[in-house]
Amino acid sequence: MKHLLCFLVLFLISGVGSFDLVIDEIPDEVENLIDLEIDGFPSSSKTRNGRYQRSTSDWGYVGDLVEDDDKIGLYSYKVQSTITSRLANTMIQAKMVNNAKRSQHIVFDVQVPKGAFIDNFTMDVNGITFTSKIREKSEARKMYSQAKAKGKAAGIVRSNALDMENFKTEVNVPPGTKIQFELHYHEMIRRKLSSYEHVISVNPGRLAKHMEVDVRIIEPQGLRYVHVPNSLGDHFDGITTISKGEKKAHVSFKPTMAQQRKCPTCSSTAVDGNFVVQYDVNRETTGGELEIFNGYFIHFFAPENLDPLPKNILFVIDVSGSMWGLKMKQTIEAMKAILSELRAADQFSLIDFNHNVRCWRDNLVSATPAQVEDAKKYIQTIHPNGGTNINEALLRATFILNEAQNLGMLDPNSVSMIVLVSDGDPTVGELKLTTIQKNVKQSIKDEFSLFCLGIGFDVDYDFLQRIATDNRGMAQRIFGNQETSAQMKNFYNQVSTPLLKKIQFNYPQESVSDVTQSSFHNYFGGSEIVVAGKVDTENLQHLESIVTATAANAELVMETLRDVEELDGFMKKDRYADPEFTRKLWAYLTVNQMLAERNTAPTAALKRNITKSILQMSLDHHIVTPFTAMLIENPEKDEIMLADQPKDPRRGCCPGTLGLTPNAPNNNKGIPAWANVTAVPVSFMPEQRSPPVSSLSINRVDNDPHFTIHLPKSQRNICFNINSEPGKILNLVSDPGTGVVVNGQLVGAKKTENKKLNTYFGKFGFYFKNKGLKVEITTEKIMLKDGSYGITLSWSDTGHIIRKQLLISVKKESNVTITVGEEMSFMVLLHRVWKNHPVNVDFLGIYIPPENQFSPAAHGLIGQFAFEPEVYIHHQRPGQAPEKPQATMEVKGNKLTVTKGLQKDYRTDRVLGTDVQCWFVHNSGKGFIDGHYKDYLVPHLYSFLKKP
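Predicted, not measured: the structure shown is a model, and the values here were computed from it.

Asker: Please provide a residue-by-residue account of the packing of helix H3 (residues 326-340) against helix H4 (residues 369-380), values included.
Answerer: With their axes 10 Å apart at the nearest point, H3 and H4 run at an angle of 175 degrees to one another. Relative to H4, the element H3 lies roughly antiparallel. Note on element contacts: H4 touches H3 through Val372, Ala375, Lys376, Ile379 and Gln380, opposite Ile332, Met335, Lys336, Leu339 and Ser340. Class assignment of the residues belonging to the contact of H3 with H4 gives a composition of 6 nonpolar, 2 polar and 2 charged.

This is the structure:
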């Protein structure tokens with residue numbers, strides 16, 4: 001659930017001077033990483049250690065670049081992707097130059113599709129080239145640690161999957177430096193809804209002198225169609241060109257610099273989004289297409305023109321409190337549309353659950369118009385509340401299906417499935433995930449399929465994947481936003497048309513080996529099953545496959561025969577086709593299969609054996625998996641970066657996904673990700689920016705009172721103190737646009753120390769004018785007021801309050817989180833001291849994520865930074881203390897002397913806190929905040945700030 005941003009630093013001493021390397025990491029799971037090599041763009045290239053690389057020496061003339069105010073020019077931004085039989089090799093390359101008269105940061109930030117194998121990253125800075133290789137993870141980390149101990153190591157590069165993975169590097173380079181970044185990855189394109197869709201994220205960030213996206217498709221089966229939707233917007237109408245032949249196609253997107261501009265006089269680029277290529281292939285045989293090359297075979301199986309099998313489907317819907325608001329509304333909308341698409345031969349029922357489990361019907365019913373309409377009415381009456389009892393809900397669903405089968409109510413040729421929709425972890429009933437997984441597995445008995453939809457980021461998606469894979473299904477994350485309904489319907493459409501069941505692929509055992517999964521429970525229309533293996537082409541002239549399956553009206557036996565040399569001539573003639581595509585696809589499928597098997601391994605010994613096999617495959621095929629890491633080195637091998645794949649952390653990105661589970665065992669369910677962080681030790685580093693780990697990416701006021709403002713764009717923390725009097729009320733956020741006010745009232749210590757009386761926040765007031773709601777939080781209680789209505793919780797409670805789509809979540813003696821729809825959230829932290837302490841008193845801290853959707857009218861001590869000001873910090877110099885250097889900060893037309901120091905983030909350790917680096921602004925923030933801090937004093941706890 002943690003959103004971790006980790007910046008570390010590298011110092012290189014060379015002929016071009018020194019430059020700092022900073023790596024940005026954004027987690028969730030990376031499913032796969034693998035090897036690729038493709039033809040590059042016209043430029044000189046060389047090979048070191050067997051990996052592909054380029055040099056900055058062949059740029060030629062780099063003048064006439066359009067630069068932003070930072071004087072960084074983007075000479076070229078090129079994307080080249082070659083698809084060979086569903087295997088897409090992609091290279092993203094950016095050439096940039098620092099034309100400023102000072103050293104500054106150059107950023108390479110790209111999005112990589114979920115499930116892609118990143119296999120190579122190179123960086124060339126004025127001729128110094130970093131290249132990559134794969135090592136076992138502990139070995140790689142050891143080498144990294146050794147380099148780090150010598151001051152020769154860069155930050156950890158990590159990529160984790162969401163819908164897209166973020167891969168970001170940031171390099172501080174001297175004036176005049178040319179730098180080239182190049183990232184290589186490849187992926188297997190899956191067929192969904194009768195189409196292959198290749199998605200390339202294109203976000204150069206600025207105008208490029210040379211801009212190009214080049215996609216080549218080589219499909220031996222033949223191309224049925226190629227389509228490029230206008231996904232980048234109408235601005236680029238008519239720029240993309242498509243050249244399609246029988247088996248090959250070329251797609252080119254090459255906007256001029258003028259066409260890239262947002263407007264004729266704009267210096268910013270309009271190129272920002274996904275470039276999408278859709279296509280499908282010809283299918284002549286029901287038994288599928290066998291492609292054999294270089295000792296491997298790939299079997300693509302996607303039969304059409306079959307009657308759908310009837311299905312028995314149970315929808316199991318989470319209606320706990322955390323589903324309130326937009327998620328429930330979108331789920332209801334999706335379910336009504338899905339119910340309308342049920343066929344007359346289908347049987348169905350609905351189960352909704354929170355801490356209790358309810359059935360719309362206790363047994364399956366036919367999908368008649370009357371029953372469907374009644375089910376829609378039932379869905380419409382659902383009101384989310386309470387906890388989450390996943391175990392009992394799934395067991396109830398399996399009981400209904402098992403009972404129907406035992407009573408002979410199911411068509412022998414029908415397909416039975418359960419679709420679970422949930423956004424959180426179990427909080428009621430059985431809580432142990434492994435026990436739930438075991439219970440469901442024993443109850444399903446391999447008779448049915450379980451499909452899981454995880455909404456939002458609080459859900460344990462890793463668990464949903466395991467339980468779905470263990471029961472012949474699959475899981476998909478649904479992002480809890482305005483498109484939740486469309487995502488749910490899209491997923492249902494993928495499994496709504498079962499065409500075959502009990503599919504078995506058979507090959508001659510004496511001729512093939514190491515075959516990937518060859519038995520499948522179901523085949524759904526519009527998808528594709530892919531099987532791969534090794535084949536002895538030296539002693540075999542033809543390869544035969546026999547596929548058996550159950551269709552709607554018959555048992556099918558489908559045979560395919562292919563000459564093992566049939567593809568040789570075609571592949572050798574095409575210079576763009578990847579000659580390693582069969583090997584890479586086999587490795588892709590094999591590693592994924594082993595990772596899935598490891599997740600569901602029943603014993604530790606079996607899991608260890610599978611892990612060893614995955615590790616060996618990873619090293620043999622240059623794949624970064626959870627057990628390997630990529631080392632990125634300079635030619636002398638004494639400057640090292642480490643790129644590895646952490647296990648999928650459960651992380652959230654969006655506020656407003658809290659659960660209504662009063663006194664539930666899992667008190668963190670639904671808490672926004674920024675409110676639950678992992679402590680990361682921070683040490684001083686001679687660089688002007690502080691590490692943007694998750695504990696920094698927040699605006700906060702804590703202690704006596706210390707303000708810390710996080711600036712996301714520049715990844716800096718600026719801090720200041722406010723020294724006022726007890727009883728005074730300071731405005732933190734005043735936003736007339738959204739009608740939100742946050743004020744804090746100061747309390748004083750019991751006595752002065754060193755002739756100074758420390759003050760702290762002892763009370764916070766939140767006013768949500770548009771809802772007519774007020775929330776008051778003191779060190780004793782939490783109160784919600786709605787006119788004459790009011791409700792109070794104490795800090796000794798654990799529970800939730802929902803009123804007008806505003807949710808207050810209290811964690812006993814720890815914190816309160818307030819969530820307003822999907823727009824904003826706040827956390828108030830409680831600090832208790834010894835009751836008889838002679839000086840200190842209980843006090844509160846407040847944490848406000850910068851992602852909160854305030855309006856442009858927002859102001860206040862924190863609200864004014866909802867829209868980040870330009871901050872330039874330079875001329876770093878020694879301070880009065882060696883550990884506290886000083887610098888000059890330019891902001892809002894002011895030049896300020898600031899001091900580097902530490903503040904505390906108490907979200908993970910409420911006693912000692914976590915050290916956070918920041919630049920300290922003296923004199924109560926004067927020059928950094930607008931006006932004087934006394935301008936932010938307000939008369940009442942719910943007062944808006946008066947305009948100056």
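Asker: Can you explain the sheet that holds strand S12 (residues 191-192)? Please cite residues and give values.
Answerer: As a general point, the strands of a sheet are linked pairwise by backbone hydrogen bonds and lie either parallel or antiparallel. Strand order in the open sheet made by the 4 strands is S12-S13-S18-S15, with antiparallel pairing throughout. Looking along the sheet, the strands with just one partner apiece sit at the ends: S12 and strand S15 (223-227). Here S12 runs beside strand S13 (residues 195-202); their pairing, made up of 2 bridges, is antiparallel. Bridge pairing links Lys192 to Ser195 in S13.

Asker: For the pattern of salt bridges, give the residues involved together with the corresponding values.
Answerer: If you walk through the whole model with that rule in mind, you get 30 salt bridges. Of the charged contacts, one joins Arg224 and Asp280 as a salt bridge, the two residues approaching to 3.6 Å between their closest N and O atoms. Here the residue Arg224 occupies a position in strand S15, and Asp280 occupies one in strand S18 (residues 273-281), the gap between them amounting to 56 residues. In this structure Arg224 comes out as partly exposed when scored by relative accessible area, which is 38%. The buried category is assigned to Asp280, whose relative accessible area is 0%.

Asker: Describe the state of the cysteines, listing the residues and the values that go with them.
Answerer: Enumeration over the complete set of coordinates arrives at 2 disulfides. For Cys263, the disulfide goes to Cys266, at an S-S distance of 1.9 Å. Handedness here is read from the sign of the S-S torsion; for Cys263 and Cys266, about 95 degrees, the answer is right-handed. With a sulfur-sulfur separation of 2.1 Å, Cys719 is cross-linked through a disulfide to Cys918. Here the S-S torsion is close to 65 degrees, and the disulfide linking Cys719 with Cys918 is therefore right-handed. With a gap of 199 residues between them, Cys719 in strand S38 (residues 716-721) and Cys918 in strand S53 (residues 914-921) connect regions that are remote in the sequence. Here Cys719 falls in the buried class, since its relative accessible area comes to 1%. The class of Cys918 is buried, set by a relative accessible area of 3%. When the cysteines of the protein that form disulfides are numbered from the N-terminus onward, they connect as 1-2, 3-4.

Rules used throughout
Within every chain, residues take consecutive numbers counted from 1 along the sequence as written. With pLDDT at 70 or above as the cut-off, local features in this predicted model cover only qualifying residues; side-chain atom pairs require 80 or more to be listed or tallied, and sums for whole chains, interfaces and linings still use all residues. Calculation of side-chain values draws on the structure's entire complement of heavy atoms; hydrogens and water are dropped beforehand. Axis definition: a line fit to C-alpha positions, over the contact stretch in the case of helices; interaxial angles, taken between N-to-C directions, run 0 to 180 degrees. Counting from the N terminus, the helices are the DSSP runs of H or I reaching at least four residues and the strands are the DSSP runs of E reaching at least two. What sets the label is the angle itself: under 35 degrees gives roughly parallel, over 145 gives roughly antiparallel, 65 to 115 gives roughly perpendicular, and the rest give oblique. Contacts are assigned to residue pairs with any non-hydrogen atoms lying within 4.5 Å of each other. Residues are sorted three ways: Asp, Glu, Lys and Arg are charged, Ala, Val, Leu, Ile, Met, Phe, Trp, Tyr, Cys and Pro are nonpolar, and all the rest, Gly among them, are polar. Pairs of strands are assigned from DSSP output, requiring at least two bridges between the strands. We define a salt bridge as a side-chain nitrogen of Lys or Arg found within 4 Å of a carboxyl oxygen belonging to Asp or Glu. Burial classes follow relative accessibility: with a 1.4 Å probe on protein chains only, a residue under 20% of its type's maximum area counts as buried, one over 50% as exposed, and anything between as partly exposed. Criterion for a disulfide: a pair of cysteine sulfur atoms at a distance within 2.5 Å.

Functional significance is not addressed by these values, which are geometric in nature.
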